[in-house]
Amino acid sequence: MSPTLAGVLQASVLVGALAAAYRPLGDYIAHLFTSPRHLRAERGLYRLVGVDGDADQRWPAYLRSVLAFSAVSVVFLYFFQRLQSHLLLSLGFPAVKPDMAFNTAVSFVTNTNWQSYSGESTMGHLVQMAGLAVQNFVSAAVGIAIVAALIRGFTRSRTDRVGNFWVDLTRVTVRLLLPLSVVFALVLVASGAIQNFHGLTDVHTLVGGSQSITGGPVASQEAIKELGTNGGGFYNANSAHPFENPNPFSNWLEIFLLLLIPFALPRTFGRMVGDNRQGYAIVSVMALFWVASVSLITLFEAQHHGVAAQAAGAAMEGKEQRFGIAASSLFAASTTLTSTGAVNSFHDSYTPFGGGLTIFNMMLGEIAPGGVGSGLYGMLILAVVAVFVAGLMVGRTPEYLGKKLGAREMKFASLYILTTPAVVLVGTGVAMTLPGERANMLNTGPHGFSEVLYAFTSAANNNGSAFAGITVNTPWWNTALGLAMLFGRFLPMIFVLALAGSLAKQQPVPATEGTLPTHKPLFVGLLSGVVLIVVGLTYFPALALGPLAEGLN
Amino acid sequence: MSSPSSLLESAPQPAGPAGPEPGSAHRVSGGLLDPRQLVASLPGAIRKLDPRVMVKNPVMFVVEVGSVLTTVSAVKDPSVFAWAITAWLWLTVVFANLAEAVAEGRGKAQAETLRRTKTDTMARRLADWRPGQASAQEEQVPATALRLGDLVVVEAGQIIPGDGDVVEGVASVDESAITGESAPVIRESGGDRSAVTGGTRVLSDRIVVKITSEPGKTFIDRMIALVEGAARQKTPNEIALNILLASLTVVFLLAVVTLQPMASYAGAPQTLVVLVALVVALIPTTIGALLSAIGIAGMDRLVQRNVLAMSGRAVEAAGDVNTLLLDKTGTITFGNRQAAEFLPTGEVTVAALADAAQLSSLADETPEGRSVVVLAKEKYGLRARSQGELAHADWIEFTAQTRMSGVDLHEGGGVHRIRKGAAAAVAAWVRDNGGETGGELGAAVDRISNLGGTPLVVAEHRDGSAARVLGVIHLKDVVKHGIRERFEELRRMGIRTVMITGDNPLTAKAIAEEAGVDDFLAEATPEDKMALIRKEQADGKLVAMTGDGTNDAPALAQADVGVAMNTGTMAAKEAGNMVDLDSNPTKLIEIVEIGKQLLITRGALTTFSIANDVAKYFAIIPAMFAAVYPGLDKLNIMRLHSPESAITSAIVFNALIIVGLIPLALRGVRYRPSSASALLRRNLWVYGLGGLILPFAGIKLIDLVVQFIPGLH
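Just so it is clear, the model here is predicted, and its values are computed rather than measured.

Trainee: Which parts of the structure should I look at to understand the sheet that holds strand 22 (residues 578-580) of chain B?
Mentor: Strand pairing in a sheet relies on backbone hydrogen bonds. The paired strands run either parallel or antiparallel. All names here are of chain B. As summarised here, the arrangement of the 7 strands in space is 10-22-21-20-11-18-19, forming an open sheet in which the pairing is mixed. A strand with exactly one partner marks an edge of an open sheet, and here the two such strands are strand 10 (307-309) and strand 19 (519-521). Direction aside, the axes of adjacent strands within the sheet are offset by 20 degrees on average. Pairing analysis gives 3 bridges linking strand 11 (residues 323-327) to strand 20 (residues 543-547), with the strands arranged parallel.

Trainee: What exactly am I supposed to notice about the interface of chain A and chain B here?
Mentor: A common measure of how large an interface is: the accessible area buried when the components associate. Across the boundary between the two partners, chain A contributes 60 residues, which contact 62 residues of chain B. Buried surface at the junction of chain A and chain B, both sides included, amounts to about 5,100 Å², of which 75% is carbon and sulfur. Connecting chain A to chain B are 1 salt bridge. Put simply, B:Asp320 and A:Lys404 hold a salt bridge, and the shortest N to O gap is 2.9 Å. In this structure, the connection of chain A to chain B is made through 14 residue pairs in polar contact (both at pLDDT 80 or more). Elements that contribute at least two residues to the side of chain A that touches chain B include exactly helix 14 (374-393), helix 15 (407-433), helix 17 (445-460) and helix 19 (521-552) of chain A. Per-class residue counts for the side of chain A that touches chain B are 36 nonpolar, 17 polar and 7 charged.

Trainee: Sorry if this is basic, but what is going on with the sheet that holds strand 3 (residues 151-155) of chain B here?
Mentor: Taken in spatial order, the 6 strands line up as 2-1-3-9-4-7 (chain B) in an open sheet, and their pairing is antiparallel. Looking at strand neighbours, the two that pair on one side only are strand 2 (138-142) and strand 7 (195-196) of chain B, the edges of this open sheet.

Trainee: Whenever I open this one, the packing of aromatic side chains confuses me. Can you help?
Mentor: How two aromatic rings sit relative to each other is given by the distance of their centres and the angle of their planes. One pass over the structure, following the stated rule, counts 26 aromatic pairs over all chains. Consider the rings of A:Tyr235 and A:Phe243, whose centres lie 6.0 Å apart with planes at 70 degrees: the pair is edge-to-face. Exposure remark for A:Tyr235: the relative accessible area of 1% places this residue in the buried category. On the accessibility criterion, A:Phe243 (25% relative accessible area) is partly exposed. Residues B:Phe618 and B:Phe696 carry aromatic rings whose centres are separated by 6.0 Å and whose planes lie at 45 degrees to one another, so their mutual orientation is tilted. In this pair, B:Phe618 is assigned in helix 23 (residues 587-625) and B:Phe696 in helix 25 (residues 676-706), connecting sequence segments 78 residues apart. The class of B:Phe618 is buried, set by a relative accessible area of 19%. Aromatic ring contacts, followed pair by pair, group A:Tyr62, A:Phe69, A:Phe165 and A:Trp166 into a single cluster. The residue whose ring lies beneath A:Lys319 is A:Tyr350, and the NZ or CZ to ring-centre distance is 4.0 Å.

Trainee: I tried to follow a positive patch on the surface on my own but got confused; where do I start?
Mentor: A cluster of basic residues, A:Arg37, A:Arg40, A:Arg43 and A:Arg47, forms a positive patch at the surface. Of note, A:Arg47 is situated in helix 2 (residues 40-49).

Trainee: So what exactly am I meant to see when it comes to the pattern of salt bridges here?
Mentor: Side chains that carry opposite charge are capable of pairing whenever their charged atoms lie near each other. Per the stated rule, a full pass over the model turns up 46 salt bridges over all chains. With a shortest N-O distance of 2.8 Å, A:Asp160 and A:Arg58 are connected by a salt bridge. Remark: A:Arg58 occurs in strand 1 (residues 57-58) and A:Asp160 occurs in the loop between helix 6 (125-155) and strand 2 (161-163); sequence separation between them is 102 residues. Exposure remark for A:Arg58: the relative accessible area of 43% places this residue in the partly exposed category. B:Lys509 is the partner of B:Glu513 in a salt bridge, and the nearest nitrogen-oxygen pair spans 2.9 Å. One end of the pair is B:Glu513 and the other is B:Lys509, both in helix 19 (residues 505-515) and 4 residues apart, which spans about a single turn. Each of B:Arg124, B:Glu138, B:Glu155, B:Glu168 and B:Arg206 takes part in a single network of salt bridges with overlapping partners.

The rules behind the values
Residues numbered from 1 in each chain as written. Chains lettered and ligands numbered in written order. Predicted model: local features only at pLDDT ≥ 70, side-chain atom pairs only at ≥ 80, totals over all residues. Heavy atoms only, no water. Pairing = 2+ DSSP bridges. Helix = DSSP H or I, 4+ residues; strand = E, 2+ residues; numbered from the N terminus. Axes fitted to C-alpha atoms, helices over the stretch in contact; angles between N-to-C directions. Contact = heavy atoms within 4.5 Å. Buried area = accessible area lost by both parts, 1.4 Å probe. Salt bridge = Lys/Arg side-chain N within 4 Å of Asp/Glu carboxyl O. Polar contact = N/O pair within 3.5 Å; in protein donor to acceptor, adjacent residues only side chain to side chain. Nonpolar A, V, L, I, M, F, W, Y, C, P; charged D, E, K, R; others polar. Phe/Tyr/Trp six-rings, centres within 6.5 Å; stacked < 30°, edge-to-face > 60°. Buried < 20%, exposed > 50% of the residue type's maximum accessible area, 1.4 Å probe, protein only. Lys NZ or Arg CZ within 6 Å of the ring centre and 35° of its normal. Patch = residues over 30% accessible without salt bridge, like charges linked within 9 Å, V, L, I, M, F, W, Y side chains within 5 Å. Areas by Shrake-Rupley, 256 points an atom, 1.4 Å probe, with all protein chains shown as cover. Lys, Arg positive; Asp, Glu negative; His and termini not counted. Charge placed at Lys NZ, Arg CZ, Asp CG, Glu CD.

Structural measurements only, silent on function.
Put into structure tokens, the structure is as follows:
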């Protein structure tokens, strides 16, 4: 089988598997958000923390719950790392430095999983399992909870209640993420990923050297790392490490897992708003960008000009021999489009255009299909903007799913689309004015600039992957990127919840022939255009000085 | 409408046909832009450069601040390029102000005309007046001293000093000052024609008027304020759009401000002039410059159709209307019953019936009688004979008592009597004269009644023989030509039409089916109307209606778009949010279209403005960085001459496109009623794709010219 054919087959099977999961999983998540029944375990949990599981919250209360929960998580995780040396299973590692502990705590709570450390040589098993892995579950659940509140804004009318955060958080964790993780962790173990409590093990390499490698509960963390679009690896090499991702099957499975929930959520949306076609329209836009990105990155990587690349047949630098171009490109496109940030190859070594696309993918705002929950709410905000402009062109004050988009709604949508670019651009701009910080680049010229741009884009969009190269484990970088992650995660959430509250208050307008249809191909094209132009216009100058300047020379 | 029974009487006569032919392109349009208007508005545009005014428009305020910065920069470090950019940036701001000034200028001219009518009128105030009392104490006071509830007397030749209701007398009034219509109208105490407007002139008779408005708040005062745009406030949708534009402006500002450190790292730090030029090219200046002009022009288009919208909010709401409540009379039908068909009975031929019907109707002066003569002429080619033409004929005129008209012809020895009239009356006449009224007649009469029509029976009686029935005339409410197609268009636009009528359900149903309305409300009382509006609104729909009577006022106030007829009472005019000076209920449809056109124009220019940025990037980015990264010159796909000429061309295009689009902003984009999908597809092609491509051509063309300017190459 030729590599091309293998690549096409892998991608086709992937699409088939995702399509098969779309309806059942989407419907199941919709059921989680609408069912009035609690599990006995959940009821016990609510009693324990003193929450009334049947009382819905107004949006400010929902937001306060999100922020309080996340703040406590950050503080807890920070001190967990700082006190690591006194804890069990520390493997003898010392306490994590303050700036790195801050960065890591924020990183895992914001679902970014940016890692300025090497997992295997910094974190003990307890911190990995009870700290980082727990956040892998709950930070993902927070994202999904927020989109539930937004969808309720569309489905409810004349109410100020958008749901109960604690119930949403608990249900997503207990009924969705935990069961799926258990099942897929077992599959990963079966396919060769490790799961143990070993300390350092000496292994003899093929070329005759010897290495000390830490064992650990890898497979269990790997499953949720992908399922929750987290991306924080047990090992520094992330999914390129054979203990995390041993073979082409596990590689395929990991890609499947990181796309699974983001691609199923549009179904949840369609189901909850009572019109599955709305879900199909949204998922079409996501799929369009994903297919285009996978194809283009594969193309750029396969057709690289250059002595080394041509000798190897393609741009193989930084890619694992066992995955090759197709599986690496598929992984790279999927991980940067989903805010996962796990990597099975080094994006820094990609061709200028291929690497540029991974940056561009993140700049899209992690919406195609994006992070769990955050992808859908990001896409819905852009849909609101698209409907606003296009709705005017059909001669009505714009409405989406029967809800009018007035000044209040546009205020929140505008602030949302403003926030992340502001964080990326200001962060990058400031870094470039500081000669000391910018010296951390590995490369010079446009490629060095791309490394900085990539770092802030990844942090602000809560992706967490790195262009490698750049050294970010300094107090300045740890703090700056930590702040970028915080702003990039929680400011948009404020606007999304405010929008949800504002939508829920409205009485829906009935759809007529004069209403802009938001389920037809024309709308899919329009929304894609808005995504492309809004992003393209914002970042074009920066991209021109990085990947474009490098690739066009 | 005041009540079901008086519906026909009180309804205004239809003013012309049901609007232009359906399907005629470009139905909604405004006047053309006169280039002289641009020149005349220039001083106003310059005055608007005041930053305190500019700050209300965040996009253009950024351009103004940028212009100041480049001016300072050009003074400190002069070059042809710096001054060219500075000049064109200032022009950009001036052009934007010009658009607004031109839009306002059109209203100002109208306000001037109105003001001329508002002369210093003296009022004859009555001290103590009681109905029926002939002489009351009178005092002369200036019109401005009149207060609510004052009573004034106005006689022929005098100007009515303020808005009010006639409480005594009847007079013909010249309202041309407001409506532009020179034919005088009748105003009388009581009923729905009692309202008079200050500034109009009494032509005959004497009336006593009770003042209903405070000085300075009269109808004319409000009209002046409206057309001048003094009372103009941003509409909800305009505010929402402004927020989006402001946010895009901030994004682009950030993109450019943060570009400088990136550019310095690349070894190509940019001058202030270039950075400002990039910001201005990227922020949505086109729509930012034209936004307020579009709003003013939308109101103005209504004024040109003699409709006064009390707020821009109402115009926007008109575009969103889901349900139109239309009065049957005057809107859907011509308002009086007309002969539509002759149905002979027995062996009588249609021609014979038509002949008899015509003869018997010649002495009938009612509109129904006239319509019989007209039908006989148009459909059966029977020339309308005049009464003197026939010798030995005795004409029997129609009276409300006999409910018949006819003629007695003296032929030879005998008398040939022909009668036409209400079915019961003629049937009785036939029976009295020995004739029979068989089942065939009854069936024909019932059928017409069932269709909602009115049957008239024609019969004859010759001396010596029994009277006999000749046939039946079908009188019906005639639906206006072309109205059915308009309702179909409305349906395509997603608007439901509900016909309101005082007729019984049977008649109403027949007319509703013929006119093609979606629903009807028969035997409608004001309470029914109100209930219908509430029900529609409870479903989240927006409702538009017209009305003129005092008892319409609550419904007009409840409706999202309430258009009061100018002939109506002051209460109705106060309650509605628009007044139609022509009192033409059909205009409601046009109002909806103007509302939609206003929103489409905004959306189209926003799309155009954003799409423009792509080409500007391709002009400016290579110009900025090709020197350090020669590969970026591949992005210079327009092959612009030099970095300086490229940036200048982009800025010149950016400024000129504003002027180029002023006519479109004032006129509104082309609008034809169709489904949302069709509208979106068309507008996306024209303004989306057009906005993407046009600037490539425009910037290239400008570059071909400016490259010859020394200092730009």
